[in-house]
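# Overview (structure and organization)
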Amino acid sequence: MPKSIITVDMNKAPRDQDPLPHNRWHPDIPNVASVKPGEEFRVETMDWTGGQIKNDDSANDIRDCDLTPCHHLFGPIEVQGAEPGDILVVDILDIGAHRGDEWGYTGIFSTENGGGFLTDVYPEARKAIWDFHGIYATSRHIPGVRFAGITHPGLIGCAPSHSLLAEWNRREAELIATDPDRVPPLALPPLETGIMLGSMSGAELSKAAQEAARTIPPREHGGNCDIKNISRGSRIYFPVYVPGAKLSMGDYHFSQGDGEITFCGAIEMAGWMDLHVDLIKGGCERYGIEQAMFKVSPVDPQYSDCLVFEGIGVGEDGKQYYNDVTIAYRRACLNAIEYLKNFGYSGEQAYTILSCAPVEGRVGGVVDIPNACVSIAIPCEMFEFDIKPNAQGPRKVVDSSAADLARCT
Ligand code: ZN
């Protein structure tokens, strides 16, 4: 087993961990560990909320979740010899849940607290708890499904330089200014409330808090990409922006569907990840790389028998949009949710299945004006019953009045 260079105590709060996590991006956060190119090592993490969500049957913790200290990230890790302009090569060797903590959760966040892709349709907080059985997940809140997770870090990336951080803040502030009172907000500006920047404290912390970037959006450095296929066995190529690269990670996902549509839409877990790092000196300029990229894993579940739902860029009210992939994705999701209700699932259950199971979302076309076309593919094999249309069906096999997502109590 590779040596653990960052460990967590699951019985302690984030502020009592050693080393301390961080929950914003900033180039001056002190390194908590140091590795050499060629080294293998393990990084343990809490879940993205820092232990706020419990394995129970109430969604109160989702409704009341404090997002100001999220995500909790573990690092930064110095990669010795890394300099701005290098490519940091990161292999994800393996990833899993902490022993004795083999469970995770998916949350539908309320419109007032995070929202989600379909928050206008599903505005209330809900929670599903998942139990892990090796590579498989099942939920007492969503009967009739069992699937293999594509386990991955939702969030991993190198620290930005001061100039890159300033650029993030400039462009996001400009967007927020177009509608500053929107709920949910258009973007999240720097926020001192709830901030943790590792061991930084006092005036140094307060100064950095004015510019430290929130962790919600993915950016050029990778960050919160929530790409399910950056999974065990994949190799990531990160641009290096600061000396030592300062690699951080967190928000491990047992499984996630493309789009992670319920917001907290993966199966969120605390766990460990084994990594190997290397450097390509001066690689960014030689390859013209300005943004992280990755190579997929040779290991993936074999889900070839899929039912695929299409969506086009036309609103439910009949409004015609021009090449709008977001509207098309929304319609594909709504089509799939309505279809899964045929088998007895509640809308929230179907929404959650799309969000956290290994569902593939694809852009079919963006040239056939005026309609963008997308598709989402649902593996038929993950259901205990046949979901394909036939002459006799559909058959209601799930009783969502007996088992549904946890509500607020
Ligand atoms: Zn996550």
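Here we summarise the structure given alongside this text. (Residues numbered from 1 in each chain as written. Predicted model: local features only at pLDDT ≥ 70, side-chain atom pairs only at ≥ 80, totals over all residues. Heavy atoms only, no water.)

### Section: the sheet that holds strand β19 (residues 360–365)
Under the convention used in this document: Note on pairing: two strands pair once DSSP finds at least 2 bridges between them. A run of DSSP states H or I qualifies as a helix once it reaches four residues; a run of E qualifies as a strand once it reaches two. Both are numbered from the N-terminal end. Here an axis means a line fitted to C-alpha atoms, over the contact stretch when the element is a helix, while the angle between two N-to-C directions is reported on a 0 to 180 degree scale. Any two residues whose heavy atoms approach within 4.5 Å at even a single point are treated as in contact.
Pairing is antiparallel in the open sheet, where three strands are placed in the order β18-β20-β19. In this open sheet, the two strands that pair with only one neighbour each are β18 (306–312) and β19. Averaged over all pairs of adjacent strands, the angle between their axes in this sheet comes to 25°, without regard to strand direction. Pairing between β19 and strand β20 (residues 373–379): five bridges, direction antiparallel. Considered in β20, the bridge of R362 is made with S375. Contacts from helix α5 (residues 325–341) reach β18, β19 and β20 within the one sheet, and its direction differs from that of β18 by about 135°.

### Some remarks on the coordination of the zinc ion
Formally: Distances decide who is a donor: an N, O or S atom must be within 2.8 Å of the metal, or within 3.2 Å for Na, K and Ca. Water is not included, so sites may look incomplete. The buried label applies to any residue whose accessible area, calculated with a 1.4 Å probe on protein chains only, is under 20% of its type's maximum; exposed applies above 50%, and partly exposed to all values in between.
The coordination sphere of the zinc ion contains the protein donors D251 (OD), D251 (OD), H253 (NE2), E268 (OE) and E268 (OE), at a distance range of 1.9 to 2.7 Å. Written as a sequence motif, the donor residues of the zinc ion are D-x1-H-x14-E. Accessibility expressed as a relative area gives 0% for H253, which makes it buried.

### Brief notes about the sheet that holds strand β13 (residues 235–239)
Sheet strands pair by backbone hydrogen bonding; their relative direction is either parallel or antiparallel. Ordered in space as β1-β3-β16-β5-β13-β17, the six strands form an open sheet in which the pairing is mixed. Both edges of this open sheet fall to β1 (4–6) and β17 (293–295), since each of them pairs with a single strand only. Ignoring which end each strand starts from, the neighbouring axes of this sheet average 35° apart. Two elements, β1 and strand β3 (residues 40–45), share two bridges in a ladder whose sense is parallel. Following the sheet pairing, I6 is matched in β3 by V43.

### Focus: the nonpolar core
Inclusion rule: Here, nonpolar core refers to any group of buried Ala, Val, Leu, Ile, Met, Phe, Trp, Tyr and Cys residues whose side-chain atoms link them within 4.5 Å.
Within the largest apolar cluster, 76 residues are counted, with the highest numbers of intra-cluster contacts made by V43, L88, W130, I378 and F383. The greatest single-element share of this core, amounting to nine residues, is contributed by α5. Filtering out sequence-adjacent residues up to four positions away, L88 remains in contact with V79, C158, I236, Y237, F238, V240, A245, L247, V277, D278 and L279. The next biggest cluster of nonpolar side chains, apart from the first, holds 13 residues, and it includes A59, I62, W103 and C264.

### Quick look at α5
We count it as follows: Under the convention used throughout, the expected extent of a helix is 1.5 Å for every residue step, that is, one less than its residue count. Definition of a polar contact: a pair of N or O atoms within 3.5 Å, with one able to donate and the other able to accept a hydrogen when the atoms are protein atoms, and with sequence-neighbouring residues admitted only if both atoms are side-chain atoms.
In a regular helix each residue adds 1.5 Å, so 17 residues correspond to 24 Å; α5 covers 24 Å between its end C-alpha atoms and thus fits that length. Within α5, 12 of the 17 residues are buried, which leaves the element mostly enclosed by the surrounding structure. Tucked inside the fold, the buried residues of α5 contact β18, α6 (347–356), β19 and β20. Two or three places before T326, at the start of α5, stands the capping residue D324, its side-chain oxygen 3.1 Å from that residue's backbone nitrogen.

### A few points about the packing of α5 against α6
The line we're drawing: In what follows, roughly perpendicular refers to angles from 65 to 115 degrees, roughly parallel to angles under 35, roughly antiparallel to angles over 145, and oblique to any angle outside these ranges. Crossing handedness is defined as follows: a turn of the near helix away from the far one that is anticlockwise and smaller than a right angle gives a left-handed crossing, while the clockwise case is right-handed. We call Asp, Glu, Lys and Arg charged. Ala, Val, Leu, Ile, Met, Phe, Trp, Tyr, Cys and Pro are nonpolar, and the rest, Gly among them, are polar.
At their nearest, the axes of α5 and α6 sit 9 Å apart, and the two run at 125° to each other. With respect to each other, α5 and α6 are oriented oblique. For the pair α5 and α6, the sense of crossing is right-handed. Here α5 contributes C333, A336, I337, L340 and K341 to the contact with α6, which in turn contributes G347, A350, Y351 and L354. In terms of residue class, the contact of α5 with α6 is made up of seven nonpolar, one polar and one charged.

### Quick word on a nonpolar patch on the surface
Stated formally: By definition, no residue in a patch forms a salt bridge, and every one has over 30% relative accessible area; like charges are joined within 9 Å, nonpolar side chains (Val, Leu, Ile, Met, Phe, Trp, Tyr) within 5 Å. Accessibility throughout is a Shrake-Rupley quantity obtained with a 1.4 Å probe, and a residue counts as covered only by protein chains that appear here. Any carboxyl oxygen of Asp or Glu that lies within 4 Å of a side-chain nitrogen of Lys or Arg is treated as forming a salt bridge with it.
On the surface, V363, V366 and V367 cluster together to form a nonpolar patch covering roughly 280 Å² of accessible area. Relative to the helices and strands, V367 resides in the loop between β19 and β20. Taking the relative accessible area as the measure of exposure, V367 reaches 64% and is therefore exposed.

### Focus on unusual backbone geometry
In this chain, C70 is followed by H71 through a cis amide linkage whose omega measures -5°. Cis geometry is adopted by the peptide bond preceding P394, which originates at G393 and carries an omega value of -5°. In the Ramachandran plot, E260 falls in the positive-phi region, its phi being about 45° despite a non-glycine side chain. Relative to the helices and strands, E260 resides in the loop between β14 (247–255) and β15 (263–268).

### Digging into the packing of aromatic side chains
Quick note on the threshold: Between 30 and 60 degrees the pair is tilted, below 30 it is stacked and above 60 it is edge-to-face, where a pair is any two Phe, Tyr or Trp rings, Trp via its six-membered ring, whose centres lie within 6.5 Å. Over a ring means this: the NZ of a Lys or the CZ of an Arg is within 6 Å of the ring centre and within 35 degrees of the ring normal.
One pass over the structure, following the stated rule, counts 14 aromatic pairs. On the numbers, 6.0 Å between centres and 50° between planes, the contact of W48 with F109 is tilted. You can see W48 sitting in the loop between β3 and α1 (60–63) and its partner F109 sitting in the loop between β6 (103–108) and β7 (126–133), a full 61 residues away along the chain. This pair shows no difference in class: W48 is buried, exactly as F109 is. With a centroid separation of 6.0 Å and an interplanar angle of 75°, the aromatic rings of W48 and F263 are classed as edge-to-face. Note that W48 is positioned in the loop between β3 and α1 and F263 in strand β15, a separation of 215 residues in sequence. Here F263 falls in the partly exposed class, since its relative accessible area comes to 23%. Taken together, the ring pairs in this structure connect F309, Y339, F343, Y345, F383 and F385 into an aromatic cluster. Sitting over the ring of W272, R42 keeps its end group 4.1 Å from the ring centre. Against the face of Y136 rests R146, its NZ or CZ located 3.8 Å from the ring centre.

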